[in-house]
Amino acid sequence: MILCLLSLAVAWQAPAAASNVKRDEEIVFFPGLGWRAPGAKAWQLEVRGCVYEPESRRLGLGLLRRALELKGVDLEEAEARTLTTRARGFMVDHEGGRRVVISIGSKTFNLGKCGEDGAFERILEVPDAVVRAASTPTTLRFSAVLPKGDARVFEGELVLVPESGLLVVSDIDDTIKVTGVADHKTLLRRTFLEPMEPVAGMADLYRRWADERQARFCYLSGSPWQLFLPLSDFRRRSGFPPGGFYLRRLRWTDASALDFLTTPKPHKEEVLERLMQRFPQHRFILVGDSGEQDPEIYAGMAARHRHQVEAI
């Protein structure tokens, strides 16, 4: 899935028409960040997501089973259910050209049309008063505006970053979730067939940083966006603080389902560099493991941004 950057920033607009998604289509919003430049009277809100038709590619599960070397393998009932759930993101039909409209409090924002692959990314410029009225001290929730009579609810969440402070950038696999990326078969089983298990002690550590140092969090991973929903559910169930999600873009239509097994180094470096430049007044703690070159990636960031990286 390739995100389409619709605009870098747009001020609040007059109330717009509703999103024109069909009854068999859905909108998923990826958690992002909101920030305000020192002295500014407006927030920059990172709104990202995708419009798709769930499970429209009925052959997708069979293709994924072959890619995972599971063709002809008898799975236990629990494993089969888990595979079906985890594979849903790979079996969708992305809907291009749909208009996405959201509401923040009483204000409405037209994000414009999503890209051909159904993806959208927009940075909204929203007045401080609107954000304050619709948020808690740390998070802002918003929802899609749907046509009259459509009672479905599609909600998103942003983490609000203060003008200075601590940002924790955390890997996911083998850092907060037991995955076993060093072993191909173990990685596939734990990703697609087994319950997701948290790394012992990490949720407690992150909550302590959130409570004692008012840290904000970004979850940066080589996993594809197609696994966002189960990973987001894992984050909540395991007690990790909310945060922006930055997963890898994967085009299931023209690439193997296993492309996410290739090195995530370029993806992680790109996101980290953007975060460092976006938050020059913040200190960073970078948390990872040795399974996906995190030490090398983080060391490079520390060398280029030595005044921002507090710890690895």
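Computed from a predicted model, the values in this text were never measured in an experiment.

**Student:** Looking at this structure, how should I read the layout of surface pockets?
**Tutor:** The probe, sized like a water molecule, is rolled over the atoms to show the empty space still left. Here the largest pocket defines a volume of roughly 440 Å³. Forming the walls of the largest pocket are 21 residues, and the residues nearest its centre are R88, G89, Q226, L229 and P230. Those elements that place two or more of their residues in the lining of the largest pocket are strand 2 (26-30), strand 4 (42-53), helix 2 (77-86) and helix 6 (228-237). The element contributing the most residues to the lining of the largest pocket is helix 6, with five residues. The class makeup of the residues in the lining of the largest pocket is eleven nonpolar, four polar and six charged.

**Student:** What exactly am I supposed to notice about the pairing of strand 10 (residues 155-161) here?
**Tutor:** Consecutive residues of a regular strand have side chains that alternate between opposite faces of the sheet. Among the seven residues that make up strand 10, five are buried, leaving the element largely enclosed by the rest of the structure. Relative to strand 10, strand 3 (residues 32-35) is paired through four bridges, and the arrangement is parallel. Its bridge partner being in strand 10, G32 is matched across the sheet by L158. Of the pairings in the sheet, the one linking strand 9 (residues 139-144) to strand 10 comprises five bridges and is antiparallel in character. Residue pairing in the sheet places S143 in a bridge with E155 of strand 10.

**Student:** Just to check I follow, could you spell out the sheet that holds strand 14 (residues 216-224) for this structure?
**Tutor:** Strands pair in a sheet through their backbones, by hydrogen bonds, and they do so in one of two ways: parallel or antiparallel. Taken in spatial order, the five strands of this open sheet run 15-14-11-16-17, and their pairing is parallel. Either end of the sheet is taken by a strand with one partner, and the two such strands are strand 15 (243-248) and strand 17 (309-311). Taking each pair of neighbouring strands and ignoring which way they run, the sheet shows an average axis angle of 25 degrees. Of the strand pairs in this sheet, strand 16 (residues 282-287) and strand 17 are connected by two bridges, and their pairing is parallel. From the neighbouring strand, I285 faces strand 17, where its bridge partner is A311. Sheet strands in contact with helix 5 (residues 202-213) are strand 11 (165-170), strand 14, strand 16 and strand 17, and its direction is about 175 degrees off that of strand 16. Sheet strands in contact with helix 6 are strand 14 and strand 15, and its direction is about 145 degrees off that of strand 15.

**Student:** In this structure, what is going on with the packing of helix 7 (residues 265-278) against helix 8 (residues 294-304)? I would like to understand it.
**Tutor:** Any two packed helices are characterised by the angle at which their axes cross and by the distance between the axes. The contact between helix 7 and helix 8 brings their axes to 10 Å, and the two run at 30 degrees. Considered as vectors, helix 7 and helix 8 are oriented roughly parallel to each other. The handedness of the crossing between helix 7 and helix 8 comes out as right-handed. Contacts between helix 7 and helix 8 involve K265, K268, E269, L272, E273 and M276 from the first element and D294, I297, Y298, M301 and R304 from the second. Looking at side-chain class alone, the contact of helix 7 with helix 8 contains five nonpolar, no polar and six charged residues.

**Student:** I'm lost on empty space enclosed by the protein in this one. Help?
**Tutor:** Under the counting rule described, the total for this entry stands at one cavity of 30 Å³ or more. When its volume is computed, the largest cavity comes out at roughly 30 Å³. Forming the boundary of the largest cavity are I172, I176, Y219, L231, F234, R235 and F245. Ranked by residue count, the leading element in the lining of the largest cavity is helix 6, at three residues. Tallied by class, the residues present in the lining of the largest cavity amount to six nonpolar, no polar and one charged.

**Student:** Is there a simple way to explain the nonpolar core in this structure?
**Tutor:** For soluble globular proteins, nonpolar side chains are generally found buried alongside one another. By size, the foremost hydrophobic cluster in this structure holds 36 residues, and its most contacted members are V168, I176, Y206, W209, Y219, F240 and F245. When residues in this core are grouped by element, the largest group, four residues, is from helix 5. The contacts of F245, once residues within four sequence positions are left out, are P31, R48, I172, Y219, W225, F228, L231, S232 and R235. Of all hydrophobic cores here, the second largest spans 25 residues; its members include V51, V126, V131 and L140.

**Student:** Explain the packing of aromatic side chains here, please?
**Tutor:** A complete count under the given rule lists 13 aromatic pairs for this structure. Note on F29 and F142: the rings are 4.9 Å apart at their centroids and 75 degrees apart in plane angle, and the pair reads as edge-to-face. Linking F29 in strand 2 with F142 in strand 9, this pair joins segments that are 113 residues apart in sequence. Residue classification places F142 among the buried residues on the basis of a relative accessible area of 3%. Their ring planes at 25 degrees and their centres at 4.0 Å tell us that F30 and W225 sit as a pair that is stacked. Taken together, the residues F30 in strand 2 and W225 in the loop between strand 14 and helix 6 connect sequence positions 195 residues apart. One exposure class covers both F30 and W225, and it is buried. Put simply, the rings of F30, Y206, W209, F217, Y219, W225, F228, F234, F240 and F245 touch in pairs and so form one group of aromatic residues.

**Student:** When you look at unusual backbone geometry in this model, what are you seeing that I'm missing?
**Tutor:** Note: most peptide bonds trans; most residues except glycine with negative phi. Its identity as a non-glycine residue notwithstanding, Q214 has a phi of 50 degrees, on the positive side. Inspection of the secondary structure assignment puts Q214 in the loop between helix 5 and strand 14. Residue classification places Q214 among the partly exposed positions, given a relative accessible area of 47%. You will see that Q293, though not glycine, has its phi angle at about 65 degrees, which is positive.

Each value, and the rule that gives it
- Residues numbered from 1 in each chain as written.
- Predicted model: local features only at pLDDT ≥ 70, side-chain atom pairs only at ≥ 80, totals over all residues.
- Heavy atoms only, no water.
- 1 Å grid on protein atoms, 1.4 Å probe; cavity = no way out; pocket = protein on both sides within 12 Å on 5 of 7 lines; lining within 4 Å.
- Points joined across faces, edges and corners; volume = space filled by probe spheres on them.
- Helix = DSSP H or I, 4+ residues; strand = E, 2+ residues; numbered from the N terminus.
- Nonpolar A, V, L, I, M, F, W, Y, C, P; charged D, E, K, R; others polar.
- Buried < 20%, exposed > 50% of the residue type's maximum accessible area, 1.4 Å probe, protein only.
- Pairing = 2+ DSSP bridges.
- Axes fitted to C-alpha atoms, helices over the stretch in contact; angles between N-to-C directions.
- Contact = heavy atoms within 4.5 Å.
- Parallel < 35°, antiparallel > 145°, perpendicular 65-115°, else oblique.
- Left-handed = near helix turned anticlockwise from the far one by under 90°.
- Core = buried A, V, L, I, M, F, W, Y, C linked by side-chain atoms within 4.5 Å.
- Phe/Tyr/Trp six-rings, centres within 6.5 Å; stacked < 30°, edge-to-face > 60°.

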